[in-house]
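A look at the structure
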Amino acid sequence: MSIPTNGVPVKEELEQVIPPAEILAKGPVVVVECFQNIPCDPCAASCPSGAIQPFEDINNLPTVDYEKCTGCGLCIASCPGLAIFVVDINYSDKEALLKIPYEMLPLPKKGQVVAGLDRSGRKVADVKVARVQRTKNKTNIITIIVPKDLAMVIRNIKVGDEQNG
Amino acid sequence: MKEYDIVIVGGGPAGLAAALTAASCAASVLLVDDGLQLGGQLIKQTHKFFGSSEQFAGIRGIEIADNFIDKIKKSPNIDILTQATATGYYEDGILTILEGLNGNSLVKVKPRCLIVATGAAENMLPFINNDLPGVYGAGAVQTLMNVYGVVPGEKVLMVGAGNIGLIVAYQLIQAKIKVEAIVEAMPCIGGYWVHASKIARLGVPIYTSCTLKEVRGKEQVEGATICNIDKKFCFISQSEKDLDVDTICLAVGLSPLSELLWQTGCEMNYIPELCGYVALRDENMRTSSEKIYIAGDVTGIEEASSAMIEGQIAGLNATASLGFYHKEYTKLNSKYKRQLSQLRNNIMSEAINRGIQKVIIQKGETHVYSH
């Protein structure tokens, strides 16, 4: 099982898109979980710091110059595939801050505790909502506080019983 | 009888783009669509588009439709006829149209050039009880939900993990409807993996090499049996699994809606890579019939992004054939073709590219059946 057969990337696939440890150690940075050559390039256009490189061929995978990434998260809502996340591994001693795209209703509230789900929708922890950003294009951005060891595991939330799974 | 430079049949992404392009060349245009409103499938597509900014990447389909329709309504060159079905195009150059909800008013128009952008229809799948209420096409469910606000059921099995199956499954969950599983007969997910990952993160299992074997129920769908299949697409015994569902969504492909093209008599061929019978055409989207151009899914099943560019190419060249050369004709024609080949420059478009090679009429070998 891997992303072509069930949509859930495995370790080897993730290793291609997770920033190096020394970059993660510096602060908030983008994680672009885009694994397939499809014609799509809004992420590069949305990046104000030039970190996501312009596409030579629109079918290429995004390339990121992590040194330039400020972790602003503007690319999160731009991605048609909801495949972009921002991770700040240094939020506290034991916690990381994670920004995820979210298109379900109701939106969680700041301070609310919700279920943190992994890439297959399994609950792996209770997580606290730090911020809710409503965006113009309706891909809202939710910032959650997650256990540090789950910063590369949690990729979704479940608010109440509203969702599938 | 009213005459137009260009009549476009079909008001989806291809037809809308063709209408605006033709109008920008100062041609008089009639846009005919059988829907209650223009927009085709765009009006229910709440997902953000892929592609580049020229094809509205990052914008949701519904907003793309609004944008197009707004511009079309403001264009003095374009007349619109909705709730109108084009029924035939005859030797004397007349297009017949049945207008009104019951189709009881016959309209005749005379286009100098016709652009057929009739789109596609959903495929059906043979399985036991496939005629029970509760068995839907995924596109039909998307229309019910996103256009009319009607809930199709409570617990859904999605059949097919192409883009339509994945996207509609996601939108069902947005509408608070439970999706039990997605089954896909092929060994790999056919749609974009990013769509599959969105669904997976919501806890919906995607089973590849697996299909729907049987639906149970008396008056309506009461459950389904799915079953793994081998490389020859045969059921693997003892691998059945029962699902408690009341709704089956079939997202098992589309076929070009080519009836009108058949009737006109232009040359057709069955091209598996393009998902059915399509008209032969040159790179300017002109068919074997001098006055008929095509664009969008009727030329072969693809994406709305490429349909819009094909519409632009057809609009630009159909008007040019009448002498309405856009002042930047050469530049635009090569730009659109370049954009189209960029969109198709990936592994997922290999079949499309192969299929197009089989239908393309090269320069100089155009068969002209003049009316």
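Residues numbered from 1 in each chain as written. Chains lettered and ligands numbered in written order. Predicted model: local features only at pLDDT ≥ 70, side-chain atom pairs only at ≥ 80, totals over all residues. Heavy atoms only, no water.

Glancing now at the pattern of salt bridges. Inspection of every chain in the model, using the stated rule, returns 19 salt bridges over all chains. Asp118(A) serves as the salt-bridge partner of Arg122(A), at 3.1 Å between the closest nitrogen and oxygen. Asp118(A) sits in the buried class, given a relative accessible area of 8%. Of the charged contacts, one joins Glu328(B) and Lys331(B) as a salt bridge, the two residues approaching to 3.4 Å between their closest N and O atoms. Among the charged side chains, a network of salt bridges with common partners joins Glu33(A), Arg119(A) and Arg155(A). (Salt bridge = Lys/Arg side-chain N within 4 Å of Asp/Glu carboxyl O. Buried < 20%, exposed > 50% of the residue type's maximum accessible area, 1.4 Å probe, protein only.)

All names here are of chain B. Pairing between strand β4 (residues 84-89) and strand β5 (residues 95-99): five bridges, direction antiparallel. If you follow tyrosine 89 over to β5, its bridge partner there is leucine 95. The hairpin turn running from β4 into β5, its antiparallel successor, is five residues long, and glycine 93 in that turn takes a positive phi close to 80°. One ladder, built from five bridges, connects β5 with strand β6 (residues 105-116); its direction is antiparallel. Paired with threonine 96 across the two strands is lysine 108, which belongs to β6. Between β5 and β6, which follow one another and run antiparallel, lie five residues, and glycine 100 among them has a positive phi close to 100°. (Pairing = 2+ DSSP bridges. Helix = DSSP H or I, 4+ residues; strand = E, 2+ residues; numbered from the N terminus.)

To continue, consider the packing of helix α7 (residues 304-321) of chain B against helix α8 (residues 329-343) of chain B. Two numbers describe a pair of packed helices, the interaxial angle and the distance between the axes. Residues and elements named next belong to chain B. Axis separation between α7 and α8 bottoms out at 10 Å; the angle between their running directions is 155°. In terms of axis orientation, α7 runs roughly antiparallel to α8. Crossing geometry of α7 relative to α8 is assigned as left-handed. Contacts between α7 and α8 involve Ser305, Ser306, Ile309, Glu310, Gln312, Ile313, Leu316, Asn317 and Ala320 from the former and Tyr329, Leu332, Asn333, Tyr336, Lys337, Gln339, Leu340 and Leu343 from the latter. Looking at the contact of α7 with α8 residue by residue, the class counts come to nine nonpolar, six polar and two charged. (Axes fitted to C-alpha atoms, helices over the stretch in contact; angles between N-to-C directions. Parallel < 35°, antiparallel > 145°, perpendicular 65-115°, else oblique. Left-handed = near helix turned anticlockwise from the far one by under 90°. Contact = heavy atoms within 4.5 Å. Nonpolar A, V, L, I, M, F, W, Y, C, P; charged D, E, K, R; others polar.)

Averaged over every residue, the pLDDT of chain B is 96; residues scoring 70 or more account for 98%. Note that residues 367-371 of chain B has pLDDT below 50 and, in this model, 15 contacts with residues that lie over four places away or in other chains. (pLDDT = per-residue confidence, 0-100.)

Okay, the nonpolar core next. Ile144(A), Ile157(A), Met158(B), Leu172(B) and Ile182(B) are the most contacted members of the largest nonpolar core, which has 79 residues in total. Counting residues per element, this core draws most heavily on helix α4 (residues 163-174) of chain B, which supplies six residues. Contact partners of Met158(B), with chain neighbours within four places excluded, come to Ala138(B), Gly165(B), Val168(B), Ala169(B), Leu172(B), Ala181(B), Ile182(B), Val183(B), Cys249(B) and Ala251(B). Judged by nonpolar contacts, the second largest core, of 66 residues, contains Val9(B), Leu31(B), Met308(B) and Ile309(B). (Core = buried A, V, L, I, M, F, W, Y, C linked by side-chain atoms within 4.5 Å.)

Our focus in this paragraph is helix α3 (residues 138-146) of chain B. All names here are of chain B. Taken residue by residue, α3 has Ala138, Gly139, Val141, Gln142 and Met145 as its buried positions. Here the buried residues of α3 occupy an arc of 155° about the axis, which is enough to place them on one side. In this structure, the buried side of α3 is in contact with β7 (120-122), β8 (135-137), β9 (155-159), α4 and β15 (247-250). (Arc of directions from axis to C-beta.)

All right, on to the sheet that holds strand β2 (residues 84-88) of chain A then. Think of a sheet as strands paired side by side through backbone hydrogen bonds, with each pair either parallel or antiparallel. Residues and elements named next belong to chain A. Strand order in the open sheet made by the seven strands is β1-β2-β3-β6-β5-β4-β7, with antiparallel pairing throughout. Lying at the two open borders of the sheet, with one neighbouring strand each, are β1 (29-32) and β7 (156-158). When the angles between neighbouring strand axes are averaged without regard to direction, this sheet yields 40°.

Residues and elements named next belong to chain B. Here helix α1 (residues 13-24) crosses helix α2 (residues 61-74) at 35°, and the two axes come no closer than 10 Å. In this structure, α1 crosses over α2, and the sense of that crossing is left-handed. Here α1 contributes Leu16, Ala17, Ala19 and Leu20 to the contact with α2, which in turn contributes Phe68, Ile69, Lys71 and Ile72. Among the residues making up the contact of α1 with α2, the classes are represented as seven nonpolar, no polar and one charged.

Residue and element names in this part refer to chain A. Enumeration over the complete set of coordinates arrives at six cavities of 30 Å³ or more. In this structure, the largest cavity occupies an estimated 130 Å³ of space. Together, 17 residues line the largest cavity, and Cys34, Cys40, Cys43, Pro62 and Cys79 are the ones closest to its centre. Considering only residue class, the lining of the largest cavity consists of 14 nonpolar, two polar and one charged. Space inside the second largest cavity adds up to approximately 90 Å³. Residue composition of the lining of the second largest cavity, grouped by class: six nonpolar, one polar and four charged. (1 Å grid on protein atoms, 1.4 Å probe; cavity = no way out; pocket = protein on both sides within 12 Å on 5 of 7 lines; lining within 4 Å. Points joined across faces, edges and corners; volume = space filled by probe spheres on them.)

Turning to unusual backbone geometry, a few remarks are in order. The amide bond that connects Leu105(A) to the next residue, Pro106(A), takes the cis arrangement and shows omega of 0°. Inspection of the secondary structure assignment puts Pro106(A) in the loop between β3 (95-102) and β4 (113-117). The residue Phe56(B) is not glycine, and still its phi comes out positive at about 65°. Of note, Phe56(B) is situated in the loop between β2 (29-32) and α2. A relative accessible area of 22% places Phe56(B) in the partly exposed class.

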